[in-house]
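Architecture and fold: a report
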Amino acid sequence: MCEANLEPDVFSYSAGISACKNCGQWQRALSLFDDMCEARVERDAISYNAGISACEQGEQWQRALSLFCELWQVRLEPNAITTTRGSARAGRASSGSGPQPCSAKCGRPG
């Protein structure tokens, strides 16, 4: 993109994250997700879904839960896919203290 003087945007990053994840490159997918902040590209619900999905593939449950909580903190509306994945991750990320509602883990009223 740089050679053609094109600036990456949320769509190209989300597509890249999904493509990397679909090819089994979950670490690279998460690296692209992280690069969005450095590039000052604002993440949307789709990019968060892609990041959470990459975490799922790499069994990075704590990171997935962190991204799900971040989604709430930046006041993006999770969709059905995000909510289902986030709730499942909350259970897997639990530290043995018993399941907690995901909203409690994210500091949101349940």
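Residues numbered from 1 in each chain as written. Predicted model: local features only at pLDDT ≥ 70, side-chain atom pairs only at ≥ 80, totals over all residues. Heavy atoms only, no water.

**Considering the UniProt feature "repeat: PPR" (unreviewed entry) in the protein**
When the UniProt feature table is mapped onto this chain numbering, "repeat: PPR" (unreviewed entry) sits at residues 9-43 and 44-78. Helix makes up 74% of residues 9-43 and strand 0%, whereas the separation of the span's terminal C-alpha atoms amounts to 9 Å. (UniProt positions renumbered as here; feature names shortened; annotations may be inferred. Helix = DSSP H or I, 4+ residues; strand = E, 2+ residues; numbered from the N terminus.)

**With respect to the packing of helix H1 (residues 10-22) against helix H3 (residues 45-57)**
Between H1 and H3, the least distance of the axes is 9 Å, while the angle of their chain directions is 15°. With respect to each other, H1 and H3 are oriented roughly parallel. Crossing of H1 against H3: the hand is left-handed. The residues of H3 that touch H1, namely those facing Val10, Ser14, Ile17, Ser18 and Lys21, are Ile46, Ser47, Ala50, Gly51, Ser53, Ala54 and Gln57. In terms of residue class, the contact of H1 with H3 is made up of 5 nonpolar, 6 polar and 1 charged. (Axes fitted to C-alpha atoms, helices over the stretch in contact; angles between N-to-C directions. Parallel < 35°, antiparallel > 145°, perpendicular 65-115°, else oblique. Left-handed = near helix turned anticlockwise from the far one by under 90°. Contact = heavy atoms within 4.5 Å. Nonpolar A, V, L, I, M, F, W, Y, C, P; charged D, E, K, R; others polar.)

**Re the nonpolar core**
Membership of the largest hydrophobic core comes to 20 residues, with the highest contact counts inside it found for Ile17, Phe33, Met36 and Leu67. Counting residues per element, this core draws most heavily on H3, at 6 residues. In this structure, Met36 is in contact with Val10, Tyr13, Ile17, Val41, Glu42, Arg43 and Ser47, ignoring residues within four places of it in sequence. (Core = buried A, V, L, I, M, F, W, Y, C linked by side-chain atoms within 4.5 Å. Buried < 20%, exposed > 50% of the residue type's maximum accessible area, 1.4 Å probe, protein only.)

**Thoughts on H3**
Within an α-helix, residues lying three or four positions from one another point in the same direction, as the helix has 3.6 residues per turn. Taking 1.5 Å per residue as the helical rise, H3 with its 13 residues ought to reach 18 Å, and the 18 Å between its terminal C-alpha atoms agrees with that figure. In terms of burial, H3 is largely enclosed, as 10 of its 13 residues are buried. Taken together, the buried positions of H3 are occupied by Ala45, Ser47, Tyr48, Asn49, Ala50, Gly51, Ile52, Ser53, Ala54 and Cys55. If you check the start of H3, you find a side-chain oxygen 3.1 Å away from the backbone N of Ile46, and it comes from Asp44. Glu59 occupies a position one or two residues after H3 and carries a positive phi of about 55°. (Expected span 1.5 Å × (residues − 1). Polar contact = N/O pair within 3.5 Å; in protein donor to acceptor, adjacent residues only side chain to side chain.)

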